[in-house]
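# Commentary on secondary and tertiary structure
Read off the chains here:
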Amino acid sequence: MQRVFSGIQPSGVPTLGNYLGAMRNWVALQADHECLYCVVDLHAITVWQDPATLRQQTREMAAAIIACGVDPERHIVFHQSAVSAHARLAWIFNCVARLGWLNRMTQFKDKAGKDREAASAGLYVYPNLMAADVLAYHATRVPVGDDQRQHLELANDIAQKFNHDYETTFFPVIEPLIIGEAARVMSLRDGTKKMSKSDPSDQSRINLTDETDVIASKIRRARTDAEPLPSEIAGLEGRAEARNLVGIYSALSGISQAEVLAEYGGQGFAGFKDALAALTVDKLAPIAAEMRRLLADPGHIDRVLFAGAARASAIADPIVAEAQALVGFLPRPQV
Ligand code: AMP
Ligand code: TRP
């Protein structure tokens, strides 16, 4: 059975983008994979996080993963900082990855913005830690949204260079799983920007915890153009906002984009948005309700995460110990 690893940052409330690009696929993979799903708090602090908020959002993210349908008994849900193997392997990868490779990362350029000198060193080496997350488990399949493709290519470059430099075949090749009609959900305010939980505008996104009326109003107010919906996919060319809403509809309903357009093409956006709002509420309301139920007992969430971290460590520790041996480190003392 192949091992799956994926992560999500506790840097806000999960969005419809996280759900469609990642979490929904995490749930589907459980049937025939051994899965590890990680709340990546080490990644989150590459930009400033208020400590109390970080604690809260870590529990919220764990609750969201479970509420979406991940089974933490059969699979593993945990917080990254609780498994030291991630940071230990990341350090080795900091010494394998080349500055030239990191300089090409578009997410760093986006997140660092104009004032690159003020970005944290952690934000720069973020992809090395991500490679360590996956490779500490010898995981081979990684379900992510489209924005993470470049990071996973880098992870494979790191694994190959490690294997080459240390004359081994120790690290496997990672296969990114970028699945579905909405692997890149865009902002509701700007069809050229991805929907993000850290966008300053709450109107730009649907949060998994949004109330029904909030979801409906955000979708009704979503930016669109003045033309009616096209009847065929080719007509979405150059219409980023329309393409985004049609993609979301298709992903949530399981109906192909062509069929969605066959039904709504030629009409204005109002009726389509009403249908999309109803569909979104229908899919997200049960998740939000389950999240609220889980969050009422934070002690239970902590116990799930601790148990997950212990099981994750049991897998990663021997793998990272072997990587350390390959590098030439003396063994760690047995405790
Ligand atoms: P993050 O929110 O950056 O921690 O991302 C967690 C997961 O959600 C990753 O697999 C991302 O690729 C995915 N993701 C985040 N935003 C979007 C989006 N707007 N559309 C599709 N997938 C997304
Ligand atoms: N960098 C990913 C994101 O922001 C989250 C992440 C961290 C991840 N480690 C990972 C995803 C390992 C997949 C595998 O979306």
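Residues numbered from 1 in each chain as written. Chains lettered and ligands numbered in written order. Predicted model: local features only at pLDDT ≥ 70, side-chain atom pairs only at ≥ 80, totals over all residues. Heavy atoms only, no water.

Helix and strand counts for the chain stand at 13 helices and five strands. Against the globule reference of 20 Å for 335 residues, the chain gives a C-alpha radius of gyration of 21 Å, in line with a compact fold. The principal-axis extents of the C-alpha atoms in the chain amount to approximately 70 × 45 × 40 Å. Looking at the chain residue by residue over its 335 residues, the buried ones come to 53%. Long-range pairs, those at least 24 residues apart, make up 77% of the contacts in the chain between residues at least 6 apart in sequence. Total accessible area computed for the chain in this model is approximately 15300 Å², and 53% of it derives from carbon and sulfur atoms. Positive and negative side-chain charges in the chain, numbering 34 and 39 respectively, have mean positions lying 3 Å apart. (Helix = DSSP H or I, 4+ residues; strand = E, 2+ residues; numbered from the N terminus. Rg over C-alpha atoms; globule rule 2.2 N^0.38 Å. Buried < 20%, exposed > 50% of the residue type's maximum accessible area, 1.4 Å probe, protein only. Contact = heavy atoms within 4.5 Å. Areas by Shrake-Rupley, 256 points an atom, 1.4 Å probe, with all protein chains shown as cover. Lys, Arg positive; Asp, Glu negative; His and termini not counted. Charge placed at Lys NZ, Arg CZ, Asp CG, Glu CD.)

With that settled, consider the domain arrangement of the chain. The domain boundaries assigned to the chain delineate domain 1 (3–183 + 297–327) and domain 2 (202–293). Between domain 1 and domain 2, the residue contacts involve 16 residues of the former and 16 residues of the latter. Summing both partners gives a buried area of about 1300 Å² for domain 1 against domain 2, and 73% of it is carried by carbon and sulfur. Where domain 1 packs against domain 2, one counts zero salt bridges. Put simply, domain 1 and domain 2 have four residue pairs in polar contact (both at pLDDT 80 or more) between them. If you list the elements that add at least two residues to the side of domain 1 that touches domain 2, you get helix H1 (16–29) and helix H3 (51–68). (Domains from an automatic or database assignment. Buried area = accessible area lost by both parts, 1.4 Å probe. Salt bridge = Lys/Arg side-chain N within 4 Å of Asp/Glu carboxyl O. Polar contact = N/O pair within 3.5 Å; in protein donor to acceptor, adjacent residues only side chain to side chain.)

Where burial is concerned, the two faces of strand E3 (residues 76–79) agree: the one with Ile 76 and Phe 78 and the one with Val 77 and His 79 are both buried. Where strand E2 (residues 34–39) and E3 come together, four bridges link them in parallel fashion. Looking at E3, one finds that Leu 36 is bridged to Ile 76. (Pairing = 2+ DSSP bridges.)

On to the nonpolar core. Ranked by internal contacts, the top residues of the largest apolar core, which has 59 residues, are Leu 16, Tyr 19, Leu 20, Met 23, Ile 65 and Phe 272. The element that contributes the greatest number of residues to this core is helix H12 (residues 269–295), accounting for eleven residues. Three or more residues apiece are contributed to this core by two domains, here domain 1 (3–183 + 297–327) and domain 2 (202–293). Filtering out sequence-adjacent residues up to four positions away, Tyr 19 remains in contact with Arg 24, Cys 68, Leu 208, Leu 252, Leu 284 and Ile 287. (Core = buried A, V, L, I, M, F, W, Y, C linked by side-chain atoms within 4.5 Å.)

So, on to the site of ligand 2. Around ligand 2 there are 13 residues in total, and Gln 9, Tyr 126, Met 130, Asp 133 and Gln 148 lie nearest to it. Between a nitrogen atom of ligand 2 and a side-chain N or O atom of Tyr 126, the distance comes to 2.6 Å. Between ligand 2 and the protein, one listed contact pairs a nitrogen atom with a side-chain N or O atom of Gln 148 at 3.1 Å. If ligand 2 stood free it would expose 370 Å²; the protein chains cover 92% of that surface. Those elements that place two or more of their residues in the shell around ligand 2 are strand E1 (3–8) and helix H7 (121–135). The residue makeup of the shell around ligand 2, split by class, is seven nonpolar, five polar and one charged. (Near = heavy atom within 4 Å. Nonpolar A, V, L, I, M, F, W, Y, C, P; charged D, E, K, R; others polar.)

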